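# Examining the three-dimensional arrangement
Each chain, letter by letter, is given below.
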Amino acid sequence: MIKKKICMLGAFAVGKTSLVKRFVKGIFSDKYLSSVGVKIDKKKVIIEQQEVDLLLWDIHGEDEFQKVQRSYLRGSSGYFLVVDGARRATLNTAFTLQKRTEETIGKVPFVLIFNKWDLKDEWEIDDKTMDDLSKDGLMVVKTSAKSGQGVEEAFLTLTREILEA
Amino acid sequence: MNTKGHKSIAFGELRRLLVGPEQTEIVQLKERLADPELLVKDVSEVLPEAIILRSSRDKKIAKALEPTIEEAIRASVKKDRRALADALFPVMAPAIRKVISSIILKMIQSLNQALEHSFSIQGLKWRLEALRTGKPFGEIVLLHTLIYQVEQVFLIHRNTGLVLQHVTARRVAAQDPDLVSSMLTAIQDFLQDSFGVERGEPLEALRIGDRSVLVEQGPQATLAGVIRGTPPADFQVILRETLDDIHLKQIGALESFDGDATPFEPIRSQLEDCLQSQHKQKKRKTSPLLFILLGAVVFLMGIWLFDFIRDYQRWAHYVERLRTEPGIVVTTIEKRSGKKYISGLRDPLASEPAKMLKEASLEPEKVIFNWEPYQSLYPKFQLTRIKGLLRTPETIRLKFQDGILHADGSASYQWIVEARRLVKSIPGITHFDEEKIIHIELRDMEIIRERIEKQFLLFRTNEAEIAPGQQNTIQDLVANTKRLCSLAQVLGKNARIEIVGHTDNTGSEETNMKLSRERAHNVLSILTSKGFKEENFTTVGVGPKEPLLEEATEINRESIRRVDFKVTLTDKPKEGVVRP
Ligand SMILES: Nc1nc2c(ncn2[C@@H]2O[C@H](COP(=O)(O)OP(=O)(O)OP(=O)(O)O)[C@@H](O)[C@H]2O)c(=O)[nH]1
Ligand SMILES: [Mg+2]
């Protein structure tokens, strides 16, 4: 049995909490998010017969990456960078967060999530941008916390990446 | 080559001059270090001091020696169990005793507690609470009597917040330790970040409701204990020591931790040692039910004691009565298997001991008698016995005094004769006083005699034959005479009836005398014709002389012409007694 800590990072309202909720039924109520700034859920995934307990740290989204959040990153085996496809600015926040995270805990696997795929028509981010990012070697997954599309894939992708790292 | 050689010799010489003395010392030192024997000797010189010095600084030596000592003990046990057991006995025995007595104490306490909580109002409340919450009653009791309980202990990997090992106390429902551990780490981080505490400064306690979380931080791991109630002061120290020890032993595993907690399985027991608890001592207060029980016991014992004393007194009285009872001699009283055995002598005429037992309200089944029959000389029994022996009739009262048997009342002559004979064979009787006994036969004979003497037969004037119509009188006369004869025979007497003939005063003296004799004679003839012997009778004619009547009227003249009777009884000689 292996346990891994994973962080959900991204600007406010991009859908971090919604994605985790989609993925797992947790025990803590959302009120922790506003009080402590983090909520943790656990989900068991099996990858190539290897059981892994994922401890998902859902961190309160902030546009300004604050000191508070830094300590939460400690010990993470990987993280998600969640972007709201309908808000281009959230992609920039994601990059800033990625840089700061790497400064704090070093290079660990991460997956870039473009969420709210169900609102594709309103997206400000086009396919080309996303393709370019993949070509740069980033792992990119398009999801919809609303329909559930891509959610499982995103989590499995990151886990696999962590196990191989 | 030569120069070179020369140079080297010269150099050697120089060196010898410069560092000669030191060199020998170095050589000596070298030799000394190379000689294991000497080295051992040297180390042995300083080893104790070295250990003392280091031990005063930290626990490294103890920790380092631990495995060796453990191994040594194991080897010793393997080799000879007894040696170690003997060595440890003085330490172990009191410890074991202490443990056992504390277990017993706990059992008593829990019994007391159960009793108290089962029946008090508070207990009822807790039962309701148990029903309401669906928790077992025991758990509710524990919760309410709890001073503190370490419910959970987490060993948390400091960096990742992942749980390395986790233990839970019995009956404590725990959430997913991974989540709690992560959340705890997050909260800790949050607090440290929010209030600007330095990372080195550990957060020691969190308090939520009646639970607190005590935290000890080490370089690689955090040890957190979740405690319900008020934790004891030394609990933090226990956590600290446990954490230090874990760091010391598991430092490698801690540093290389990458999500796999299996290497930390062995420290489980170490964490379990931290799961301490203490309950309120209030339960020492004895439950009222215990008092009720005690009261009941005392009450029952009282009843039992009362019964016991009462029975004891009854028994004592009974035995006393038995001992003083005439005709009973108690020789032994034994008690065997709940039963009492009484043996002795008993006159068959004495009171029935079993009956007396009932009168004394004692259980007859519990007493077994063994009586040897005997004759008591107690006067009452003597008399009873004599009465029985003599077949004394109701009409006779006997009195026995100073060896003299006094008889009073009436009895048949036959009985008296028999009694006279029997009395001689009864021991203790010197004299039989029968003076006051009235013989029934004698009395009867008197009556018969009177009757006969009142009877008479009538005659007509100048006739010697009895007047007709007197058959009944004759029959009566015959019956009476028969009875008289038989009674006389029983009593050993001779009965003689004088037949007296009378005439009235008319006629001459001479004829009257003759007539009266003839009349008596005729009556005698009638009687002898009925079977009587002549010798029992005498006849006499008295003429008009008896009774003398001054003025004879016709009426009394008739009654004067008669025959009447006179009975004479005389004693027969003794040997002439005839048995019936
Ligand atoms: N249509 C649609 N709406 C979404 C999706 N994911 C999230 N939302 C909505 O976006 C809003 C914000 O979602 P959250 O999950 O709270 O976002 P968050 O990243 O956790 O936000 P913070 O906690 O404030 O940082 C909510 O109203 C969600 O219902 C999605 O995939 N599609
Ligand atoms: Mg959220």
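In the block above lies the structure referred to throughout.
Keep in mind that what you see is a predicted model, and the values were worked out from it rather than measured.

Residue and element names in this part refer to chain B. With their axes 9 Å apart at the nearest point, helix α14 (residues 440–454) and helix α15 (residues 471–491) run at an angle of 150° to one another. As summarised for this structure, α14 and α15 are arranged roughly antiparallel, according to the angle between their axes. As α14 runs across α15, the sense of the crossing is left-handed. On α15, the residues touching E441, L442, D444, M445, I448, R451 and I452 of α14 are L477, N480, T481, R483, L484, L487, A488, V490 and L491. For the contact of α14 with α15, the per-class residue count stands at ten nonpolar, two polar and four charged.

Below, the discussion takes up the side chain of Q98(A). By secondary structure assignment, the location of Q98(A) is in helix α4 (residues 89–105). Residues within four places of Q98(A) in sequence aside, it is in contact with Y79(A), L81(A) and F110(A).

On to the pattern of salt bridges. This model, assessed by the stated rule, comprises 41 salt bridges over all chains. Taking the shortest distance from any N to any O, the salt bridge between D84(A) and R87(A) comes out at 3.0 Å. When its relative accessible area of 3% is taken as the criterion, D84(A) is described as buried. Across the pair R314(B) and D311(B) runs a salt bridge, and its minimum N-O distance is 4.0 Å. Of this pair, R314(B) and D311(B) both sit in helix α10 (residues 288–324), three residues apart, roughly one helical turn. The exposure class assigned to R314(B) is partly exposed, which follows from its relative accessible area of 25%. Residue classification places D311(B) among the partly exposed residues on the basis of a relative accessible area of 30%. Three or more residues are tied together by salt bridges with common partners; here these are K3(A), K42(A), K44(A), E51(A), D53(A), D176(B) and D178(B).

Side chains of nonpolar character tend, in soluble globular proteins, to be buried together. One finds F114(A) and L155(B) to be the most contacted residues of the largest nonpolar core, which totals 51 residues. Broken down by element, the residue count for this core peaks at six residues, all from helix α8 (residues 235–255) of chain B. Dropping the residues within four chain positions of it, L155(B) is found in contact with L162(B), V163(B), L164(B), Q165(B), A221(B), T222(B), L223(B), L243(B), I246(B), F264(B), I267(B) and L271(B). Counting 27 residues, the second-largest nonpolar core is a separate cluster that includes Y413(B), I474(B), V523(B) and F537(B).

Let us look at the interface of chain B and chain A. Between chain B and chain A, the residue contacts involve 22 residues of the former and 24 residues of the latter. Interface of chain B and chain A: buried area, both sides summed, is about 2100 Å²; carbon and sulfur atoms make up 60% of it. Remark: the boundary between chain B and chain A carries four salt bridges. Of the charged contacts in the structure, one is a salt bridge between D178(B) and K42(A), with a shortest N-O distance of 2.6 Å. Taken together, the links from chain B to chain A amount to eight residue pairs in polar contact (both at pLDDT 80 or more).

What follows concerns a nonpolar patch on the surface. All names here are of chain B. A cluster of nonpolar side chains, namely L33, L39, V43, L47 and I51, defines an oily patch on the protein surface of about 420 Å² accessible area. By residue number, the principal contributor to the nonpolar patch is helix α2 (residues 36–57), which donates four residues. Mapped onto the elements of the fold, L39 is located in helix α2.

The subject of this paragraph is the sheet that holds strand β10 (residues 396–401) of chain B. Residue and element names in this part refer to chain B. Across the sheet, which stays open at both edges, the three strands sit in the order β10-β11-β12 with mixed pairing between neighbours. Each having just a single partner strand, β10 and β12 (431–439) make up the two edges of the open sheet. Taken over all neighbouring pairs, the strand axes of this sheet differ in orientation by 10° on average, direction set aside. Summarising the sheet, strand β11 (residues 404–411) and β12 pair through seven bridges and their orientation is parallel. In the strand pairing of β12, D408 is matched with K436. α14 rests against β11 and β12 of the sheet, and its axis sits at about 25° to β12.

For the rest of this paragraph, the subject is the environment of S269(B). Residue and element names in this part refer to chain B. The topology assignment puts S269 in helix α9 (residues 268–272). What makes S269 partly exposed here is its relative accessible area of 44%. For the pair formed by S269 and V167, sequence separation is 102 residues and the distance between their alpha carbons is 8.7 Å.

Before going further, it helps to spend a moment on the pairing of strand β2 (residues 163–168) of chain B. Residues and elements named next belong to chain B. A large share of β2 lies buried, amounting to five of its six residues. Alignment of strand β1 (residues 146–157) against β2, held across five bridges, turns out to be antiparallel. Residue pairing across strands places V153 opposite V167, the latter belonging to β2. The loop that links β1 with its antiparallel partner β2 comprises five residues; one of these, G161, has a positive phi angle of about 75°.

Cut-offs used in this document
- Residues numbered from 1 in each chain as written.
- Chains lettered and ligands numbered in written order.
- Predicted model: local features only at pLDDT ≥ 70, side-chain atom pairs only at ≥ 80, totals over all residues.
- Heavy atoms only, no water.
- Axes fitted to C-alpha atoms, helices over the stretch in contact; angles between N-to-C directions.
- Helix = DSSP H or I, 4+ residues; strand = E, 2+ residues; numbered from the N terminus.
- Parallel < 35°, antiparallel > 145°, perpendicular 65-115°, else oblique.
- Left-handed = near helix turned anticlockwise from the far one by under 90°.
- Contact = heavy atoms within 4.5 Å.
- Nonpolar A, V, L, I, M, F, W, Y, C, P; charged D, E, K, R; others polar.
- Salt bridge = Lys/Arg side-chain N within 4 Å of Asp/Glu carboxyl O.
- Buried < 20%, exposed > 50% of the residue type's maximum accessible area, 1.4 Å probe, protein only.
- Core = buried A, V, L, I, M, F, W, Y, C linked by side-chain atoms within 4.5 Å.
- Buried area = accessible area lost by both parts, 1.4 Å probe.
- Polar contact = N/O pair within 3.5 Å; in protein donor to acceptor, adjacent residues only side chain to side chain.
- Patch = residues over 30% accessible without salt bridge, like charges linked within 9 Å, V, L, I, M, F, W, Y side chains within 5 Å.
- Areas by Shrake-Rupley, 256 points an atom, 1.4 Å probe, with all protein chains shown as cover.
- Pairing = 2+ DSSP bridges.

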